[in-house]
Amino acid sequence: MCNLPQLAPESTTSIAMTSINCDGVGVCYFLGTDNATTISSDFAKIKERFSAVRTYQTASSGSNLIDVAAQAGLQIHAGVSINDRDQGDRDIQAIVDGLKRHPTTLLSVSTYGKALEYDWDHNLGGTQRRVLKDATTTISLAKEAIQRLRAAAATANVEADPTPIVMVHEDQDWLSIETKGIVSSVNIIGVVIQPYYDATDASTTPIQDLTSRWNAIVQAFPTKKVVLAGTGWPTNGLIVNEHSTPA
């Protein structure tokens, strides 16, 4: 079992495991503060248990998260905002600068922003599931951000090996958008699989549920590298589909 590190008391960040064990994997880190000291402290704590961190942006006020990761001895899956154009431009510049200074620290780049639009289907015997409604805006913004990043790297004459581009969605969303144009623009399929939110009785067989859904994604994208970008079982919160959290 993997024990999560205790972040600084003043930190407003949150972390979530990106794999089901601690051997060579990382955690997601939501940047809830611009305090450089707090971020550095958090990354140092993360290093106690993990080898990498995945962020949803790369530039913060006064900090480049690639620099912070390198100082902590972590590798990083750096995020680019697609909701906020100014933040996205800062993220892209931070990635280009960070790649120059720490070419072995940056593992991948992923887009982060507007969630896919979906409806809820409540007609499954009292359960509910997400039904994709529209992916056009998200895909358009993500593809445009990827193009800007590649153009910025070329303009800056970055000599490091090209960094893989990742897009992260939940498994059912990937299966819904597989023909909508984003797959060809990315190098890696990042998939989030959360058995807790599944309509099946995953509470008794969560690993089997995870394995089955993972295999479906791998089979759907045979020419792409697929990585598990997020999974787990909540320790507290709302009961969903009659799945309970530990007492």
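Refer to the structure above for everything that follows.
A brief report on the enclosed structure follows. (Residues numbered from 1 in each chain as written. Predicted model: local features only at pLDDT ≥ 70, side-chain atom pairs only at ≥ 80, totals over all residues. Heavy atoms only, no water.)

1. With respect to the overall build of the protein
Of the regular secondary structure elements, the protein holds six helices and 12 strands. Buried residues in the protein amount to 45% of all 247 residues. A sequence separation of at least 24 residues applies to 62% of the contacts in the protein between residues at least 6 apart. Roughly 12,600 Å² of accessible area belongs to the protein as shown, and the carbon and sulfur atoms make up 50% of that amount. (Helix = DSSP H or I, 4+ residues; strand = E, 2+ residues; numbered from the N terminus. Buried < 20%, exposed > 50% of the residue type's maximum accessible area, 1.4 Å probe, protein only. Contact = heavy atoms within 4.5 Å. Areas by Shrake-Rupley, 256 points an atom, 1.4 Å probe, with all protein chains shown as cover.)

2. Side note on helix H2 (residues 65-72)
Burial within H2 is extensive, with six of its eight residues counted as buried. For H2, the complete set of buried residues consists of Leu 65, Ile 66, Asp 67, Val 68, Ala 69 and Ala 72. In this structure Asn 64 caps H2, since a side-chain oxygen of it lies 2.9 Å from the backbone nitrogen of Ile 66. Immediately beyond the C-terminal end of H2, within one or two residues, lies Gly 73, with a positive phi of roughly 80°. (Polar contact = N/O pair within 3.5 Å; in protein donor to acceptor, adjacent residues only side chain to side chain.)

3. Considerations on the pairing of strand S6 (residues 75-81)
The buried fraction of S6 is high, at five of seven residues. With three bridges connecting them, strand S3 (residues 52-55) and S6 associate as parallel partners. Bridge assignment links Ala 52 to a residue of S6, and that residue is Gln 75. (Pairing = 2+ DSSP bridges.)

4. Digging into the side chain of Ser 81
Looking at the secondary structure, you find Ser 81 in strand S6. Engagement of the side chain of Ser 81 in a polar contact is seen with the backbone nitrogen of Asn 83, the distance being 3.5 Å. Polar contacts involving the side chain of Ser 81 include one to the main-chain amide nitrogen of Asp 84, which spans 3.4 Å.

5. Looking at the nonpolar core
Ranked by size, the top nonpolar core spans 43 residues in total, and within it Phe 43, Ile 46, Ile 76, Ile 95, Leu 106, Trp 174 and Ile 189 carry the most contacts. The biggest single contributor to this core is H2, with five residues. Core analysis: the next-biggest nonpolar cluster, separate from the first, contains five residues, Val 166, Val 168, Val 192 and Ala 229 among them. (Core = buried A, V, L, I, M, F, W, Y, C linked by side-chain atoms within 4.5 Å.)

6. Section: the pairing of S3
Burial of S3 is two-sided: the residues Ala 52 and Arg 54 facing one way and the residues Val 53 and Thr 55 facing the other way are all buried. Of the pairings in the sheet, the one linking strand S2 (residues 26-30) to S3 comprises four bridges and is parallel in character. Bridging across to S3, Cys 28 finds its partner in Arg 54. With respect to chirality, the unit in which S2 leads through helix H1 (residues 36-47) into the neighbouring parallel S3 is right-handed. (Right-handed = clockwise from strand over helix to strand, strands pointing away.)

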